[in-house]
Amino acid sequence: MTQTQYNIESNNMAQINENFLKLAPSYLFSDIAKRVSAYKEANPHKSIIRLGIGDVTRPLAPAVIEAMHKAVDEMANGDTFRGYGPEQGYDFLRKAIVENDFKARGIDISMDEVFVNDGAKSDTGNIGDILGLNNAICMTDPIYPVYVDSNTMAGRNNIVFSPCNKENGFVAELPKEKVDVIYLCYPNNPTGTVITREQLTKWVDYALRNDAIIMYDAAYEAYIQDSDIPHSIYEIPGAKKCAIEFHSYSKTAGFTGVRCGYTIVPLDLEVAKASDGSKVQLNKLWLRRQCTKFNGTSYITQRAAEAIYTPEGKEQIKKTIAYYMDNARIMREAFKAMGLEVFGGENAPYVWVKTPNGMTSWEFFDKLLTEANVVGTPGVGFGKAGEGYFRFTAFGKKEDCILAIERIQKALSVETIHN
Ligand SMILES: *Cc1c(COP(=O)(O)O)cnc(C)c1O
């Protein structure tokens, strides 16, 4: 193998990647924690209900646990022990993904297009490794912060934000300027809203027309209840030529602590070289990137993920999702009955509430904390367009949800709500 020869010229000191200094400080969850602990210190006898953080609470499905135990036993035996696995993931899991998440929906995805990972955060953050730094990027606002911060770290600052609010039904409008890379997340975190087939088709058509690519985050796909909402962008004709899709078992199957997901990079997806405009297959670049920087997800974890696709696994996971979605329904109905404007929560585990009486997100946060002892997440923490909104997650315990609602009802009943 021949190595590229470099001209080495030292600057006499190690230097940092200064793009990290351009990151907007991430105050949201530490600010929340600070306010909560200050309140607790002043009011030690009060019990606080947390409906803020986007982590699941229900245990793993029995089918998953059983598969993990079995895999551990295999690792204990010299004949069945596994060391390094394939970087792209074991065939057994990629096959289960292709069959269940795509073929069953009439989507043709091949095993070569599936990259098993240690969760969607890694790949949504790392995917930029294979893209040029001069791309113009479009993101929705409010947004999952990983997309913005990972691009900033890489040195990309050409980002336009497309606001999502009640006026546009929380679906971003197509950018007026030409952009090259688009990040979409549906069902959406934080708004809990979805995109219809017609709306998603517009984005795919835009991408095809403009030689742009779409990064489609489908982390909450399993929460979709309406049969006509797309689970995958590849349900839209032409999407295999313009989209990468991220999946995660974190919210689907409670894998936030286990760590597994996968990314689809279609073989048909080709992107231009800046130098001569010739096209290069992104799948090849991503494979090379993964083989260099990633050594695969653990065997035990991949067996755990495979178990999600067994008949028992599917049934058990459906029950857990139904549990969370019942929390979402309870919150939606109760907040509506209080006179609040409520969005999301029908096909996603997030309920997005318009703050009443013109309160800012943080004013509403403080009111709920001090008067109801309930913690949620201020919408403005996810972007400017989130100001005046508030996120509740359905990932808590049912009894906590019900108690929180009673307390919020009391706290709000003293004033007339006008939206
Ligand atoms: C939770 C979440 C993910 C999944 O993250 P993991 O790394 O798989 O746990 C991805 N995207 C969004 C928008 C999320 O909220």
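Bear in mind the structure is a predicted one, so any value in this text is a computation, not a measurement.

According to the stated counting rule, one finds 18 salt bridges in the structure shown. A salt bridge links Asp-180 to Lys-178; its shortest N-O distance comes to 2.9 Å. Judged by its relative accessible area of 21%, Asp-180 is partly exposed. Relative accessible area serves as the criterion here: at 45%, Lys-178 is assigned to the partly exposed category. A salt bridge links Asp-276 to Lys-273; its shortest N-O distance comes to 3.7 Å.

Strand order across the open sheet formed by 7 strands is S2-S8-S7-S6-S5-S3-S4, with mixed pairing between neighbours. Each edge of the open sheet carries a strand with a single partner, namely strand S2 (114-117) and strand S4 (159-163). Shown here is a sheet whose adjacent strand axes are inclined to one another by a mean of 20°, direction ignored. Bridge count between S2 and strand S8 (residues 261-264): 4 bridges; the pairing is antiparallel. Across the sheet, Val-114 pairs through a bridge with Ile-264, a residue of S8.

Okay, the sheet that holds strand S11 (residues 342-344) next. Spatially, 4 strands are ordered S11-S12-S15-S14 in an open sheet, and the strand pairing comes out antiparallel. In the strand order of this sheet, the two ends are held by S11 and strand S14 (377-378), each with one partner. Contacting S14 and strand S15 (389-393), helix H11 (residues 361-372) crosses the sheet at an angle of about 50° to S15.

Here we take up the site of the ligand. Taken together, 14 residues form the shell around the ligand, and within it Asp-217, Tyr-220, Ser-248, Ser-250 and Lys-251 come nearest. A distance of 2.6 Å is found between an oxygen atom of the ligand and a side-chain nitrogen or oxygen belonging to Ser-248. Contact between the ligand and Lys-251: an oxygen atom at 3.3 Å from a side-chain N or O atom of the residue. Contact with the protein chains covers 94% of the free accessible surface of the ligand, which is 390 Å². Breaking the shell around the ligand down by element, the ones donating at least two residues are helix H4 (120-126) and helix H7 (249-253). In terms of residue class, the shell around the ligand is built from 6 nonpolar, 4 polar and 4 charged.

This part is about the packing of aromatic side chains. Taken as a whole and judged by the stated rule, the model has 24 aromatic pairs. An angle of 80° between the planes, with centres 5.3 Å apart, marks the rings of Tyr-90 and Tyr-299 as edge-to-face. Of this pair, Tyr-90 sits in the loop between helix H2 (62-75) and helix H3 (91-102) while Tyr-299 sits in helix H9 (residues 299-307), and the two are 209 residues apart along the sequence. Like Tyr-299, Tyr-90 is buried. An aromatic cluster is present here, built from Tyr-220, Tyr-223, Tyr-323, Tyr-324, Tyr-350 and Phe-395 joined pairwise through their rings.

Moving on: the nonpolar core. Membership of the largest hydrophobic core comes to 105 residues, with the highest contact counts inside it found for Ile-214, Tyr-249, Phe-255, Phe-335 and Phe-392. A per-element tally of this core places helix H10 (residues 311-337) first, with 10 residues. With sequence-adjacent residues up to four places away left out, Phe-392 is seen in contact with Leu-51, Met-331, Phe-335, Pro-349, Tyr-350, Val-351, Val-353, Leu-368, Val-374 and Ile-408. Listed in part, the 22 residues of the second largest apolar core include Met-139, Ile-159, Cys-185 and Trp-286.

Attention shifts here to the pairing of S15. Burial within S15 is extensive, with 5 of its 5 residues counted as buried. Relative to S15, strand S12 (residues 350-354) runs antiparallel, the two being bridged by 5 bridges. When the bridges of S15 are listed, Lys-354 appears paired with Tyr-389. The sheet contact formed by S14 and S15 spans 2 bridges and is antiparallel. Bridged to Pro-378 within S15 is Phe-390.

Right, let's talk about helix H12 (residues 398-413) for a bit. Across its 16 residues, H12 extends 22 Å between first and last C-alpha, which sits within 8% of the 22 Å expected from 1.5 Å per residue. Inspection of H12 places Lys-398, Cys-401, Ala-404, Ile-405, Arg-407, Ile-408, Ala-411 and Leu-412 among the buried residues, and these make up the whole buried set. Where H12 is buried, its residues contact strand S1 (49-50), H10, H11, strand S13 (374-375) and S15.

How big an interface is tends to be stated in terms of accessible area lost as the parts join. For the chain, the domain assignment lists domain 1 (17-59 + 312-412) and domain 2 (62-310). Of note, the centres of domain 1 and domain 2, computed from C-alpha atoms alone, are 26 Å apart. With 35 residues of domain 1 at the contact, the number on the domain 2 side is 40 residues. When residues of domain 1 are sorted by the area they lose upon contact with domain 2, Ile-321, Asn-347 and Phe-382 head the list and together hold 21% of the total. Where domain 1 meets domain 2, there are 1 salt bridge. Across the salt bridge formed by Lys-166 and Glu-341, the nearest N and O atoms sit 3.0 Å from each other. Our count for the domain 1 to domain 2 interface comes out at 18 residue pairs in polar contact (both at pLDDT 80 or more). Looking at the side of domain 1 that touches domain 2, the elements with two or more residues in it are H10, S11, S12 and S15. Its residues placed into classes, the side of domain 1 that touches domain 2 shows 16 nonpolar, 10 polar and 9 charged.

Cut-off values and rules
- Residues numbered from 1 in each chain as written.
- Predicted model: local features only at pLDDT ≥ 70, side-chain atom pairs only at ≥ 80, totals over all residues.
- Heavy atoms only, no water.
- Salt bridge = Lys/Arg side-chain N within 4 Å of Asp/Glu carboxyl O.
- Buried < 20%, exposed > 50% of the residue type's maximum accessible area, 1.4 Å probe, protein only.
- Pairing = 2+ DSSP bridges.
- Helix = DSSP H or I, 4+ residues; strand = E, 2+ residues; numbered from the N terminus.
- Axes fitted to C-alpha atoms, helices over the stretch in contact; angles between N-to-C directions.
- Contact = heavy atoms within 4.5 Å.
- Near = heavy atom within 4 Å.
- Polar contact = N/O pair within 3.5 Å; in protein donor to acceptor, adjacent residues only side chain to side chain.
- Areas by Shrake-Rupley, 256 points an atom, 1.4 Å probe, with all protein chains shown as cover.
- Nonpolar A, V, L, I, M, F, W, Y, C, P; charged D, E, K, R; others polar.
- Phe/Tyr/Trp six-rings, centres within 6.5 Å; stacked < 30°, edge-to-face > 60°.
- Core = buried A, V, L, I, M, F, W, Y, C linked by side-chain atoms within 4.5 Å.
- Expected span 1.5 Å × (residues − 1).
- Domains from an automatic or database assignment.
- Buried area = accessible area lost by both parts, 1.4 Å probe.

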